[in-house]
Each structure stands twice: as C-alpha cells, then as structure tokens.
Amino acid sequence: MKPSWYEFKAKSEETEILLYDEIGGFGVSASGFVAELQAVPKNHRLVLRIHSPGGSVLDGNVIFGALQRHPGGVTTHIDGLAASMASVIALAGQPVKMAGNALYMIHNVSGSAY
C-alpha cells in the first residue's frame, strides 16, 4: 500500500516529491520513502515540495539524510507549511524556496511519556 503523505512524480531530468502530510506515524515509515527514492535515477534533480505540519523526528532524520545523499541534488519549495520536522527536512535542499504566503516553524524537540 502506497503511503498517502508523499508522492514521487518523474519528469525528464527531475523528479518531483510532494510531501503534503504528516511525516511518519500511522504505520508509515521512512523505509518506504527511502525505497522509492532509491528508484529515482541518480542524475535526476529532486524537486521537493512541502506542505506538512511535521511529525516523527526519527523518520524525518532518515528522510533528511537520504535526500542529502542523493547525487542529483535537491531543490526545496515550501508551498504552504513547513513546521516542526518538516522545517528540518526542508533544509536538505539547496536552494530552499518559499512562497510569499507560506509558513516556516521550527522548535526544539518535544516528546511525552505515558
């Protein structure tokens, strides 16, 4: 079953990634994201489009590292919201572009125990 929080779209020399939902959680792990990323041609530039409230720090760190290791490079576009862990993933791009009406929110890690 394909995760609902991201989508890969291959074009001629680039692959667009839509990260438009929560990162991790609900059974969706970074392993699926990284597996799809490995199928992208190494010479393709990644165009990462973000609209996300954030999510799992652990999944997010894996995704960030995988994006940084992609040899074709990454351009990040913050389309609406890059909050919490999504704000960190956004920094995997070079350059990082942001819509004039977009929001970027970063904070220290938080957690809870039950």
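What comes next is a walk through the structure. (Residues numbered from 1 in each chain as written. Predicted model: local features only at pLDDT ≥ 70, side-chain atom pairs only at ≥ 80, totals over all residues. Heavy atoms only, no water.)

A few words on unusual backbone geometry. In this chain, Gln94 is followed by Pro95 through a cis amide linkage whose omega measures 10°. Unlike most non-glycine residues, Ser84 shows phi in positive territory, near 55°.

Turning next to the pairing of strand E2 (residues 14-19). Of all 6 residues in E2, 5 are buried, a share of seventy percent or more. Two strands pair when backbone bridges link them, and E2 and strand E3 (residues 45-52) are joined in this way by 6 bridges, in the parallel orientation. When the bridges of E3 are listed, Ile17 appears paired with Leu48. (Buried < 20%, exposed > 50% of the residue type's maximum accessible area, 1.4 Å probe, protein only. Helix = DSSP H or I, 4+ residues; strand = E, 2+ residues; numbered from the N terminus. Pairing = 2+ DSSP bridges.)

On to the pattern of salt bridges, then. Across all of its chains, the model carries 1 salt bridge by this definition. Here Asp79 ties to Arg49 by a salt bridge, and the two come within 2.9 Å at their closest N and O atoms. Of this pair, Asp79 sits in strand E4 (residues 74-83) while Arg49 sits in strand E3, and the two are 30 residues apart along the sequence. (Salt bridge = Lys/Arg side-chain N within 4 Å of Asp/Glu carboxyl O.)

The next thing to look at is the nonpolar core. By size, the foremost hydrophobic cluster in this structure holds 25 residues, and its most contacted members are Ile17, Leu37, Leu48, Ile50, Leu67 and Ile89. When residues of this core are traced back to their parent elements, those giving at least two are E2, helix H1 (30-38), E3, helix H2 (57-69), E4 and helix H3 (85-90). With residues up to four places along the chain from it excluded, the contact list for Leu67 reads Ile17, Phe33, Leu37, Leu46, Leu48, Val74, Ile89 and Ala92. (Core = buried A, V, L, I, M, F, W, Y, C linked by side-chain atoms within 4.5 Å. Contact = heavy atoms within 4.5 Å.)

Quick look at a nonpolar patch on the surface now. Taken together, the side chains of Leu91, Val96, Met98, Tyr104 and Ile106 make up a nonpolar region of the molecular surface, amounting to roughly 440 Å² of accessible area. Note on placement: Leu91 falls in the loop between H3 and strand E5 (96-98). Take Leu91: its relative accessible area is 47%, and that puts it in the partly exposed class. (Patch = residues over 30% accessible without salt bridge, like charges linked within 9 Å, V, L, I, M, F, W, Y side chains within 5 Å. Areas by Shrake-Rupley, 256 points an atom, 1.4 Å probe, with all protein chains shown as cover.)

This part is about H1. Those residues of H1 lying buried are Ala30, Phe33, Val34 and Leu37. The arc that holds the buried residues of H1, viewed along the axis, is 95°, so those residues lie on one side. (Arc of directions from axis to C-beta.)

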